[in-house]
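The residues making up each chain are set out below.
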Amino acid sequence: MKSRLLAAALSALMVAAASPVLAQTAQPAAYQSAVADALRPADEVARDPLRHPAEILAFAQLQPGQRVADIRPGAGYFTRLFSRVVGEGGHVYAFVPNKTAERENPRADALVAAYPNVSRVNGDLDAMSFDQPLDVVFMSQEYHDFHIPRFGVDVTKMNADIFKALKPGGLFVVIDHQAAPGAGNTVVETLHRIEGAQLRREVEAAGFVFDGETPAVANPADNHTLNVFDEAIRGKTDQFVYRFRKPG
């Protein structure tokens, strides 16, 4: 009897141990499937070796059924990926700022036409709101721009609005071009870079908790002195990727 009980206990432990492994391996398959989406334009696919999309999706902890806001999505590089991962039960909001809506709305509308679970939202960056609480807010290579005076954004208010838009436990994931140590936000217009430490201070001041970073798109060879559009470094800048969590 004891041997049978021991065998049953060992079997239960093996199942319990295996379950997390299955959970860990299932989701990366969804990320790879999103990257393989046949609707992705060839020019975006060509950028994958530099942008490491599957790693970014994993770092953002994207799951089926989630509601995600992609802030200023541009041509939709990440919007398309998010759409495939969250699936029919989820939703992706392509947030286009009023300031740039005239030229950026058509691209967002093309995403809406191609992906049924994507909708366009317009608004001011420092007055963002959504019709449902969000699981993830994502911002890629855009945060620094919102410090440029001509955008007219109150960045402190923007971070507070993002905090408010997220569910308790929700994530704010930011990718941006790294500036030199000590630069803070002083080169946002000249080089289109921001120091990661400066961004982190600003986001944490809104109530977020720093939840991790990934070197997926880091480049130690970038000396942080060139404008990100300089052909010598364009597409290959040193970038930080931070994840912040709303407590709860």
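All values reported here derive from a predicted model rather than from experimental measurement.

Considerations on helix α6 (residues 101–114)
Here's step 1: Its 14 residues give α6 an end-to-end C-alpha distance of 19 Å, which sits within 8% of 20 Å, the value for a rise of 1.5 Å per residue.
Here's step 2: Those residues of α6 lying buried are Ala101, Glu104, Asn105, Ala108 and Leu111. Take α6 and look down its axis: the buried residues cluster within an arc of 120°, on one side only. With respect to the buried face of α6, the exposed residues turned more than 90 degrees away are Glu102, Arg103 and Ala113.
Here's step 3: Looking at the packing, one finds that the buried side of α6 touches α5 (77–86), β2 (91–97) and β3 (118–123).

Points about the pattern of salt bridges
Here's step 1: Counted by the stated rule, this structure contains 15 salt bridges.
Here's step 2: Arginine 80 serves as the salt-bridge partner of glutamate 44, at 2.9 Å between the closest nitrogen and oxygen. Remark: arginine 80 occurs in helix α5 and glutamate 44 occurs in helix α2 (residues 42–45); sequence separation between them is 36 residues. Just as glutamate 44 is buried, arginine 80 falls in that class too.
Here's step 3: Across the pair arginine 72 and glutamate 142 runs a salt bridge whose closest N-O atoms are separated by 3.0 Å. Residue arginine 72 is located in the loop between β1 (67–71) and α5, and its partner glutamate 142 is located in the loop between β4 (134–140) and α7 (155–165); the two are separated by 70 residues in the primary sequence.

Topic: the confidence of the model for the chain
Note: predicted coordinates in regions of low pLDDT should not be interpreted at a detailed level.
Here's step 1: Averaged over every residue, the pLDDT of the chain is 91; the share at 70 or more is 89%.
Here's step 2: Note that residues 1–26 has pLDDT below 50 and, in this model, zero contacts with residues that lie over four places away or in other chains.

Describing the nonpolar core
Here's step 1: In this structure, Leu57, Leu62, Phe78, Phe82 and Val173 are the most contacted members of the largest nonpolar core, which totals 32 residues.
Here's step 2: Only α1 (2–35), α4 (53–59), α5, β2, α6, β4 and β5 (166–177) provide two or more residues apiece to this core.
Here's step 3: Setting aside anything within four residues of it in sequence, one finds phenylalanine 78 in contact with Arg51, Ile56, Asp70, Phe138, Ser140 and Ile175.
Here's step 4: Listed in part, the 31 residues of the second largest apolar core include Tyr93, Leu134, Tyr143 and Phe244.

Here's the deal with the pairing of β5
Each regular strand carries side chains that alternate between the two faces of the sheet.
Here's step 1: Burial analysis of β5 places ten of its twelve residues in the buried class, which makes it a mostly covered element.
Here's step 2: Strand direction decides the pairing type here: β4 and β5, joined by six bridges, are parallel. In the strand pairing of β5, serine 140 is matched with isoleucine 175.
Here's step 3: Between β4 and its parallel partner β5, the chain crosses via α7, and the hand of that crossover is right-handed.
Here's step 4: Across seven bridges, β5 lies against strand β7 (residues 239–245) in antiparallel orientation.

Structural notes on the packing of aromatic side chains
Here's step 1: The tally for this structure, following the rule as stated, stands at 14 aromatic pairs.
Here's step 2: Ring geometry for phenylalanine 172 against phenylalanine 244: centres 6.3 Å apart, planes inclined by 40°, an arrangement best described as tilted. Of this pair, phenylalanine 172 sits in strand β5 while phenylalanine 244 sits in strand β7, and the two are 72 residues apart along the sequence. There is no split in this pair, since phenylalanine 172 and phenylalanine 244 are both buried.

Describing the sheet that holds β4
Here's step 1: Across the sheet, seven strands lie side by side as β3-β2-β1-β4-β5-β7-β6; this open sheet has mixed pairing. Of all strands in the sheet, those bounded by a partner on one side alone are β3 and β6 (209–214). For this sheet, the mean angle separating the axes of adjacent strands, direction not counted, is 20°.

What counts as what
Residues numbered from 1 in each chain as written. Predicted model: local features only at pLDDT ≥ 70, side-chain atom pairs only at ≥ 80, totals over all residues. Heavy atoms only, no water. Helix = DSSP H or I, 4+ residues; strand = E, 2+ residues; numbered from the N terminus. Expected span 1.5 Å × (residues − 1). Buried < 20%, exposed > 50% of the residue type's maximum accessible area, 1.4 Å probe, protein only. Arc of directions from axis to C-beta. Contact = heavy atoms within 4.5 Å. Salt bridge = Lys/Arg side-chain N within 4 Å of Asp/Glu carboxyl O. pLDDT = per-residue confidence, 0-100. Core = buried A, V, L, I, M, F, W, Y, C linked by side-chain atoms within 4.5 Å. Pairing = 2+ DSSP bridges. Right-handed = clockwise from strand over helix to strand, strands pointing away. Phe/Tyr/Trp six-rings, centres within 6.5 Å; stacked < 30°, edge-to-face > 60°. Axes fitted to C-alpha atoms, helices over the stretch in contact; angles between N-to-C directions.

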